[in-house]
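# Architecture and fold: a report
The residues making up each chain are set out below.
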Amino acid sequence: MQADATTQQIISDNWAAVQAEVRTACEAASRSTDSVRIVGVSKYVDPPFAAQLFRSGCEHLGENRPQHLWAAQEHFVELGLAAKWHMIGHFQRNKVRRTLPMLTYLHSLDSQRLTEVLADELTKRETVLPVLLEVNVSQDDSKTGLPPDQAERLLAMLVKQPVFEVKGLMAMSTLGATEDEARREFAKVRTLRDQLQDSFAGQVDLRELSMGMSGDFPQAIAEGATLVRIGTRLWRGIL
Ligand SMILES: *Cc1c(COP(=O)(O)O)cnc(C)c1O
């Protein structure tokens, strides 16, 4: 499929529909509609479609693979478009140097070794990176993310380094979880955030919770998500 006027219309309609669904979820949770930001996940599509999503109004775009992010970013530069790119997937250390200048936000900080590589590179560049700690609250071994009992240790390391602006936590629900199960897992993430905020009071402001994808963002919003990472639902009629 080529990106053309027809796909632009489909993508714009999807974007409007997702925004409406997020608003509905916010209202159901008695939250203000501007307390949740949508990160459009463009990993499924070629860069011209990501550009159409951006032109529909979705300024925050998420990628889970550095190579895909580089290709998309290159295309955006050619078009003169400036998206805010979020890295949401496992970040290999050997991809840090090239990827970092493109990033607005890292959702998937999950190890001490990645933290060290990032700190070196950020120090060299004299820049600060907003980051989220990815935690694994599901019982799913295949998942990335820190076990909750290790989050505190990594956070202790991060708060000492001014090159990081630690904003909160990121998590995914277990694949195949029911809505209720997903909601309980999101509640666990929020509780963990609250505990960490207490332990590190005055040192960090963990206001962000990145949780919820196409299949479970209403449950995530009900439990306090401030960033929802939505892919599939935005590409309905395209994929
Ligand atoms: C792919 C992906 C998403 C988007 O998932 P959808 O179910 O397609 O909305 C969100 N977060 C991460 C980390 C992903 O890899």
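Structural notes, computed from the coordinates. (Residues numbered from 1 in each chain as written. Predicted model: local features only at pLDDT ≥ 70, side-chain atom pairs only at ≥ 80, totals over all residues. Heavy atoms only, no water.)

Further remarks concern the overall build of the protein. Scanning the protein from terminus to terminus reveals eight helices and eight strands. Over its C-alpha trace the protein gives a radius of gyration of 17 Å, about what one expects of a compact globule, namely 18 Å for 239 residues. For the protein, the spread of C-alpha atoms along the three principal axes comes to 50 × 45 × 30 Å. A total of 239 residues make up the protein; the buried ones form 51% of that total. Intrachain contacts of the protein at a sequence separation of at least 6 include 65% that bridge at least 24 residues. Placing the 27 positive and 31 negative side-chain charges of the protein at their respective mean positions leaves the two points 3 Å apart. (Helix = DSSP H or I, 4+ residues; strand = E, 2+ residues; numbered from the N terminus. Rg over C-alpha atoms; globule rule 2.2 N^0.38 Å. Buried < 20%, exposed > 50% of the residue type's maximum accessible area, 1.4 Å probe, protein only. Contact = heavy atoms within 4.5 Å. Lys, Arg positive; Asp, Glu negative; His and termini not counted. Charge placed at Lys NZ, Arg CZ, Asp CG, Glu CD.)

In this model, the largest pocket occupies a volume close to 470 Å³. Lining the largest pocket we find 25 residues, and of these Met-172, Leu-175, Met-213, Ser-214 and Arg-229 sit closest to its centre. Class assignment for the residues of the lining of the largest pocket results in nine nonpolar, eleven polar and five charged. Its boundaries defined by the atoms lining it, the second largest pocket holds a volume of some 210 Å³. (1 Å grid on protein atoms, 1.4 Å probe; cavity = no way out; pocket = protein on both sides within 12 Å on 5 of 7 lines; lining within 4 Å. Points joined across faces, edges and corners; volume = space filled by probe spheres on them. Nonpolar A, V, L, I, M, F, W, Y, C, P; charged D, E, K, R; others polar.)

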